[in-house]
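Chain by chain, the residues:
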Amino acid sequence: MSSSDGGDDGSASSGAGSGPVVLGSKPIEDGFSQLRVTDLANGGAANDGDAEAAAAEGSGGREGIAAEVGEVEDGGAASARAGGRSEIEEIGEARVMWRSNSEGEGEAQGSPSSSGYAGERGSSGGSGSGSGIGEEEDEIEEVRSDAVSDSQAAWMPGKRHVDEDDASISWRKRKKHFFILSHSGKPIYSRYGDEHKLAGFSATLQAIISFVENGGDRVKLVRAGKHQVVFLVKGPIYLVCISCTEEPYESLRGQLELIYGQMILILTKSVNRCFEKNPKFDMTPLLGGTDVVFSSLIHSFSWNPATFLHAYTCLPLGYATRQAAGAVLQDVADSGVLFAILMCKHKVVSLVGAQKASLHPDDMLLLANFVMSSESFRTSENFSPICLPRYNPMAFLYAYVHYLDVETYLMLLTTSSDAFYHLKDCRMRIETVLLKSNVLSEVQRSMLDGGMRVEDLPIDPLPRSGSLLPRLGQGRPVTDSQESLKEAYAGIGGPAGLWHFIYRSIYLDQYVASEFSPPFNTLRQQKRLYRAYQKMYASMHDKGIGAHKTQFRRDEHYVLLCWVTQDFELYAAFDPLADKASAIKTCNRVCQWVKDVENEIFLLGASPFSW
Amino acid sequence: MGCSSSLPGNPRPPAARAFLADGPVGGEPYRARAPVEPRPSSACADTAGCLGRFSRVFGVACVLLYVGSSRVCRSGLGFGEFDGWNCLRDRASGRLGGLNSENGAVNDAKNLRVKLVLLGDSGVGKSCIVLRFVRGQFDPTSKVTIGASFLSQTIALQDSTTVKFEIWDTAGQERYAALAPLYYRGAAVAVVVYDITSPESFQKAQYWVKELQKHGSPDMVMALVGNKADLQENREVTVQDGIDYAEKNGMFFIETSAKTADNINQLFEVYIIIAVSKYYILKLFFCSQEIAKRLPRPTPS
């Protein structure tokens, strides 16, 4: 493997630990052993794993954590390979350094030096708690109040840290970066920092991708210490995620797909033509003002299960209420509207498509994200072109969007660009009916009441045609056995230590998640659970291994039980001390419960096959 | 419809809109920062000026409806005052039938509907102008408009005439530029906005003017608006530049501040209404011509 030029201090011959100058170098092999280039079939490529640690940069005593990168961009002469390598090396070292810190005590302070990415987590390294997955925040500097239980409450939309670039320590310490760049290396979007200042860094990413492509291959993932660098190539658009959050590759890739989809939703795939005309085309102006859309999507990667389940969720509503909403939407759909969607935040109230038109859950997620993150929809009626990537990535549809109240909004999609006044009329008709039939007030009540709670899980398999809502409306009658079981678990969670569950119906493309209740009081805990589910989902759908049917996993935080059948998938979290047999029994009960109330928690009849 | 051929038409393409560039009152030139008049109605009462003429327009419209005589109509309106009316007539005569749906400014005698579109670079304050006018609010935190927002506002004039503005507030982002025709098609009024502190936005405004001249309806009334007039100390585009460009292109010009509400009501309630009413007068005139033709003529003795 050719040793690279500039920036590398010493070249280690191979992956074995003849590490060059590294501070606190004990676990170095460890770091390197983690270096693994996946999916690089071509011979030479594997050599990228050769570790050459760049000189660690810590001067003085407190250095420590931030790993330094070799001169990635300064070495303008450096070949693509050199760029790629230094990247990898570096992160290997980052791991080393980090470890040395966690043993020691050093105040976490990276020292800024050469440019390049070294997004190792820094100052939070000292936090005493064992760092499980998802325990760390994505952003070290973000202070979140643990008291907030609404998962979105603490998050402010919009792009932050625009003043950063790849030379700033804070930027390097970010735990999860997302980049969109063009095939000529021009930055298009970066989660953190100013795109224009990141031109050199994007060029490096582009160099890595195109180097591998020149060898007739594709790079999908580079694993380096705690970091994963995930690549996704979509024609002239490259997407990259650099993350040390320990999320599975499949999940990160799915997130990149969604980001790409969000871009398509705004611009359609015909942007590709701009690149055919001019490979150096600068796309940033085209995306002007959409930072909030992307940042809110990325934020949803840490709270919204729809992002990995590829399913949508409905607002719990009485069957008749939902039918009433559906009927008026259906009226409208028959008059030439392609899709009529009534949503409350990210939950669907009702949804109707014209004949033969079906809406992919991912499109709904992206559309809802687009609408909710753009303030301008809230101020007035709006008529905008949007593209549904799964429906037709090449063409714009026209969306009429109107907020009926603070959280409930109506979206009417059509193919006709001059249908505004028609859609406006439709909206007025719909609004009148919804007000008359009290749908809107029911929606608001449901938002306040919340959905299924594990504490309410019926203990006995009562053969009742259960209804969720009346019980939610007027305090919950609690049976004796429920009471006693609850006491056994000191008031936490539901029966048998059930803390939380997600049920996904495969036919309906819908899921239902129970409300967060103790002990998931904090955002941090909720995010950890979310990440655990995400991991579980990835492992259950790993094509290499074959689909599992059930999985039971116990760790120090909880017991996770996953059960996949042809009809549904159930993910449940229990008390870490929960008994396996009773957990399984509880899962059965959850399924029964969901079936009992499916009229209220799911939108039935949305698929052409059901009545 | 052949009325254009029978009249001494004087097609002057460059001046097509020039008749709108003269002043609201007696041809007095538009001033950059016209003195604030509280409500148009009071202006009307006090001066019997522009709005006096405006309400007369509606009075005559009634006359037209039940008398239907071109002679009455002509004397009532005093068309001689409007320079360039006959060239407008040439264009308008082509589609007298389409008064209602084709054009944004229409209607029965007492209720005028004005479809209006705002265009301009992103961040010049289009949404702020609209929100100031429609809701009387100003929100300094910038919210990027997506596609186009639709707002409407109805104002009542002294003579119980109502004018309903239907406003398309378009997004200034580049990606929506190609979709602008969607919104300005059929608009009676296009308001092109720039930011007086940003020469680039002034350039962009000129781009929009050219675009409208090329692809917009020739009947469209155009306004050039320099916003953020409260930021005098950062001014980069002089008042004179704005006036000059507007005059050259047959637009009217005004500087506004959505933040201080300066000239906002002026813009909508005086300038735009007047411009539209002029247009409306002419439309009525041609209608009356058409009607007159069909009426039995008194035989000259």
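Residues numbered from 1 in each chain as written. Chains lettered and ligands numbered in written order. Predicted model: local features only at pLDDT ≥ 70, side-chain atom pairs only at ≥ 80, totals over all residues. Heavy atoms only, no water.

In the annotation of an unreviewed UniProt entry, the entry for chain B reads Ras-related protein RABF1, and the organism field reads Eucalyptus globulus.

Per an unreviewed UniProt entry, chain A goes by Vacuolar fusion protein MON1 homolog and derives from Eucalyptus globulus. As stated in UniProt under Function (unreviewed entry), the record for chain A gives "Plays an important role in membrane trafficking through the secretory apparatus." Under the UniProt heading Sequence similarities (unreviewed entry), the entry covering chain A gives this text: "Belongs to the MON1/SAND family." (UniProt positions renumbered as here; feature names shortened; annotations may be inferred.)

Next up on the list: the environment of B:Thr260. Residues and elements named next belong to chain B. Within the element layout of this structure, Thr 260 appears in the loop between strand 6 (252–255) and helix 10 (264–294). In sequence terms Thr 260 and Leu 231 are 29 residues apart; their C-alpha atoms lie 10 Å from each other. Among residues more than four places away in sequence, those in contact with Thr 260 are Arg 132 and Asp 230. Side-chain polar atoms of Thr 260 contact the side chain of Ser 257, separated by 3.0 Å. (Helix = DSSP H or I, 4+ residues; strand = E, 2+ residues; numbered from the N terminus. Contact = heavy atoms within 4.5 Å. Polar contact = N/O pair within 3.5 Å; in protein donor to acceptor, adjacent residues only side chain to side chain.)

This part covers the pattern of salt bridges. In the structure shown here, the tally under the stated rule is 17 salt bridges over all chains. Note that B:Asp139 is salt-bridged to B:Lys143, the shortest N-O span being 2.7 Å. For B:Asp139, a relative accessible area of 30% translates into the label partly exposed. Because the salt bridges share partners, they merge into one network encompassing A:Glu381, A:Lys424, A:Arg427 and A:Glu431. (Salt bridge = Lys/Arg side-chain N within 4 Å of Asp/Glu carboxyl O. Buried < 20%, exposed > 50% of the residue type's maximum accessible area, 1.4 Å probe, protein only.)

What follows covers the UniProt feature "domain: FUZ/MON1/HPS1 first Longin" (unreviewed entry) in chain A. Per the UniProt annotation, the sites labelled "domain: FUZ/MON1/HPS1 first Longin" (unreviewed entry) are residues 176–297 of chain A. Each end of residues 176–297 of chain A is marked by a C-alpha atom, and these two atoms are 13 Å apart; helix forms 40% of the span and strand 25%.

All right, on to the sheet that holds strand 4 (residues 189–195) of chain B then. Taken in spatial order, the 11 strands line up as 9(A)-8(A)-12(A)-11(A)-10(A)-2(B)-3(B)-1(B)-4(B)-5(B)-6(B) in an open sheet, and their pairing is mixed. Across the chains shown, the open sheet's two edge strands, defined by having one partner strand only, are strand 9 (347–353) of chain A together with strand 6 of chain B. Neighbour-to-neighbour, the strand axes of this sheet turn through a mean angle of 20°, independent of strand direction. For strand 11 (residues 397–403) of chain A and strand 12 (residues 408–414) of chain A, the ladder comprises 6 bridges, and the chain directions are antiparallel. From the neighbouring strand, A:Val401 faces strand 12 of chain A, where its bridge partner is A:Met411. Set on the sheet, helix 8 (residues 199–215) of chain B makes contact with strand 1 (111–120), strand 4 and strand 5 (221–227) of chain B; between it and strand 4 of chain B the angle comes to about 160°. (Pairing = 2+ DSSP bridges. Axes fitted to C-alpha atoms, helices over the stretch in contact; angles between N-to-C directions.)

Enumeration over the complete set of coordinates arrives at 36 aromatic pairs over all chains. Residues A:Tyr503 and A:Phe568 carry aromatic rings whose centres are separated by 5.2 Å and whose planes lie at 15° to one another, so their mutual orientation is stacked. Of the two residues, A:Tyr503 is situated in strand 13 (residues 498–505) and A:Phe568 in strand 17 (residues 568–574); the sequence distance between them amounts to 65 residues. When its relative accessible area of 6% is taken as the criterion, A:Tyr503 is described as buried. Residue A:Phe568 is classed as buried on the basis of its relative accessible area of 7%. Between B:Tyr207 and B:Trp208, the aromatic rings sit 5.1 Å apart at their centres with planes inclined by 70°, giving edge-to-face as the arrangement. Judged by its relative accessible area of 37%, B:Tyr207 is partly exposed. Counting every residue linked through ring pairs, the aromatic cluster contains A:Phe383, A:Tyr398, A:Tyr400, A:Phe420, A:Tyr421, B:Phe150, B:Trp168 and B:Tyr183. Geometry around A:Tyr192 places A:Arg174 over its ring, the cationic atom sitting 4.8 Å from the centre. Directly above the aromatic system of B:Tyr207 lies the positively charged group of B:Lys204, at a separation of 4.9 Å from the ring centroid. (Phe/Tyr/Trp six-rings, centres within 6.5 Å; stacked < 30°, edge-to-face > 60°. Lys NZ or Arg CZ within 6 Å of the ring centre and 35° of its normal.)

Let us look at the packing of helix 6 (residues 249–267) of chain A against helix 11 (residues 361–373) of chain A. Residues and elements named next belong to chain A. Close contact between helix 6 and helix 11 brings their axes to 10 Å; oriented N to C, the two are set at 65°. Both helix 6 and helix 11 take part in a crossing whose hand is right-handed. Contact with helix 6, carried on its side by Leu 258, Gly 261, Gln 262, Leu 265 and Ile 266, involves Asp 362, Leu 365, Leu 366, Leu 367, Asn 369 and Phe 370 of helix 11 and no other residues of that element. Counted by class, the contact of helix 6 with helix 11 contains 7 nonpolar, 3 polar and 1 charged residues. (Left-handed = near helix turned anticlockwise from the far one by under 90°. Nonpolar A, V, L, I, M, F, W, Y, C, P; charged D, E, K, R; others polar.)

Right, let's get into the nonpolar core. In terms of nonpolar packing, the biggest core is built from 143 residues, with A:Met283, A:Leu412 and B:Leu224 touching the most fellow members. Here the element with the most residues in this core is helix 6 of chain A; it accounts for 11 residues. Among all residues touching B:Leu224, those that are not within four sequence positions of it are B:Val192, B:Tyr194, B:Phe202, B:Ala205, B:Gly242, B:Tyr245, B:Ala246, B:Met251, B:Phe252, B:Phe253 and B:Ile254. (Core = buried A, V, L, I, M, F, W, Y, C linked by side-chain atoms within 4.5 Å.)

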